[in-house]
Amino acid sequence: VVTVERNRGYGHGIFTGLQAARGRFLAFSHADMQCAPADVFRACELLVGQPNPERVLVKGRRAPRGLGAALITNGMAVIASGVLSTRLTDINAQPKVFHRSLLPELTCPPSGFQFDLYLLYRAKQSGRSIQTIPVVFGERAHGQSKWAFSLFSRWRTIWATIRYIFQLRLG
């Protein structure tokens, strides 16, 4: 168990947990149970079965979703892929599983919602491939969305992410 004294954001919490982890392989997924815990194990099996698991990141790929969610997900992936000159898809899908050798590559992670984007981008920059497993996102069993509770909050998060994409591009 890792305790974060003050909530500094989604990315900060995940990165703090990853730094404290001691395993050869690291994983994270949403705590609200939108993803089945078994998805983490399926992703790990795919990773461990790779010829060179140190050079692969495995992530979820969400089953078809509603039109609005699909537009946001795919639109952000197109913007990120175009600006960053690397193919990225379904950026915030979970779980994410990777070899701990990627951790030192995460030199300046964002503390907010952009952490998943940063992780995938750094994985690609360091020459890792990204493999996917299909996952189904169900209804949230715990908690409430911190970014999608209103139209204004969604737009605010989308614009913050777009700004962050350009920050990544500019170094």
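Please read all numbers here as calculations on a predicted model, not as lab measurements.

The rules we used
- Residue numbers restart at each chain and count upward from 1, following the sequence in its written direction.
- At least 70 in pLDDT is required for a residue's local features to be given in this predicted model, at least 80 for side-chain atom pairs to be given and counted, and no such filter applies to totals for whole chains, interfaces and linings, which use all residues.
- Only hydrogens and water are set aside; all other atoms, that is, all heavy atoms of the structure, feed into the side-chain values.
- We count a stretch as a helix when DSSP gives it H or I for four or more residues in a row; a strand needs E for two or more, and each element gets its number in order from the N terminus.
- Here the term buried applies to any residue with accessible area under 20% of the maximum for its type, exposed to any over 50%, and partly exposed to those in between, with areas from a 1.4 Å probe on protein chains only.
- Contacts are assigned to residue pairs that have any heavy atoms within 4.5 Å of one another.
- The set of buried Ala, Val, Leu, Ile, Met, Phe, Trp, Tyr and Cys residues whose side-chain atoms join them within 4.5 Å is what this entry labels a nonpolar core.
- Two strands are counted as paired when DSSP detects at least two bridges linking them.
- Note on definitions: salt bridges are taken to be side-chain nitrogens of Lys or Arg within 4 Å of carboxyl oxygens of Asp or Glu.
- Only the stretch in contact is used when fitting a helix axis, every axis being a line fitted to C-alpha atoms; angles between N-to-C directions are given from 0 to 180 degrees.

### A few points about the overall build of the protein chain
On a plain count of helices and strands, the protein chain comes out with five helices and four strands. Shown N-terminal to C-terminal, the secondary structure of the protein chain runs as helices and strands in the order α-β-α-β-α-β-α-β-α. For the C-alpha atoms alone, the extent of the protein chain along its principal axes is close to 45 × 35 × 35 Å. Going through the 171 residues of the protein chain one by one, you find that 42% of them count as buried. Sequence-distant contacts in the protein chain: of pairs separated by 6 or more residues, those separated by 24 or more amount to 75%.

### A short note on the nonpolar core
Ranked by size, the top nonpolar core spans 28 residues in total, and within it Leu18, Leu84, Phe98, Phe115, Leu117 and Leu119 carry the most contacts. Contributions of two or more residues to this core are made by helix 1 (10-20), strand 1 (25-28), helix 3 (67-84), helix 4 (115-125) and helix 5 (151-170). At seven residues, helix 4 tops the list of elements feeding residues into this core. For phenylalanine 98, the contacting residues outside a window of four places in its chain are Leu18, Arg24, Phe25, Leu26, Phe28, Leu47, Val56, Leu57 and Leu119. Among the nonpolar cores identified, the runner-up in size contains seven residues, and Leu47, Val56, Val58 and Val135 belong to it.

### Here's the deal with unusual backbone geometry
With omega at -5 degrees, the peptide bond leading from glutamine 94 into proline 95 counts as cis. Counting through the fold element by element, proline 95 comes out in the loop between helix 3 and strand 3 (96-99). Even without glycine at this site, serine 85 takes up a positive phi of about 55 degrees. As for its placement among the helices and strands, serine 85 is situated in the loop between helix 3 and strand 3.

### Looking at the pairing of strand 3
Strand residues, when the strand is regular, have side chains that alternate between the two faces of the sheet. Judged by which residues are buried, strand 3 turns out to be covered on both faces: Lys96 and Phe98 on one side and Val97 and His99 on the other are all buried. Note that strand 1 and strand 3 share four bridges and pair antiparallel. Residue phenylalanine 25 lies in a different strand from strand 3, and its bridge partner there is histidine 99.

### Some words on the pattern of salt bridges
Evaluation of the coordinates by the stated rule reveals five salt bridges. In this structure, arginine 24 engages glutamate 54 in a salt bridge whose closest nitrogen and oxygen atoms are separated by 3.2 Å. Of the two residues, arginine 24 is situated in the loop between helix 1 and strand 1 and glutamate 54 in the loop between helix 2 (37-48) and strand 2 (56-62); the sequence distance between them amounts to 30 residues. Between arginine 62 and aspartate 90 there is a salt bridge, and its shortest N-O distance comes to 2.5 Å. Taken as a pair, arginine 62 in strand 2 and aspartate 90 in the loop between helix 3 and strand 3 lie far apart in primary sequence, 28 residues in all. Assessed through its relative accessible area of 15%, arginine 62 is described here as buried.

### Considering the sheet that holds strand 3
Ordered in space as 1-3-2-4, the four strands form an open sheet in which the pairing is mixed. The open sheet has two free edges, formed respectively by strand 1 and strand 4 (129-135), since each of these has just one partner strand. The average angle at which neighbouring strand axes cross in this sheet is 20 degrees, direction not considered. In this sheet, strand 3 lies alongside strand 2 in antiparallel orientation, the contact comprising three bridges. Its bridge partner lying in strand 3, valine 58 is registered against valine 97. Running over the sheet, helix 2 touches strand 1, strand 2, strand 3 and strand 4 and is turned about 145 degrees from strand 4.

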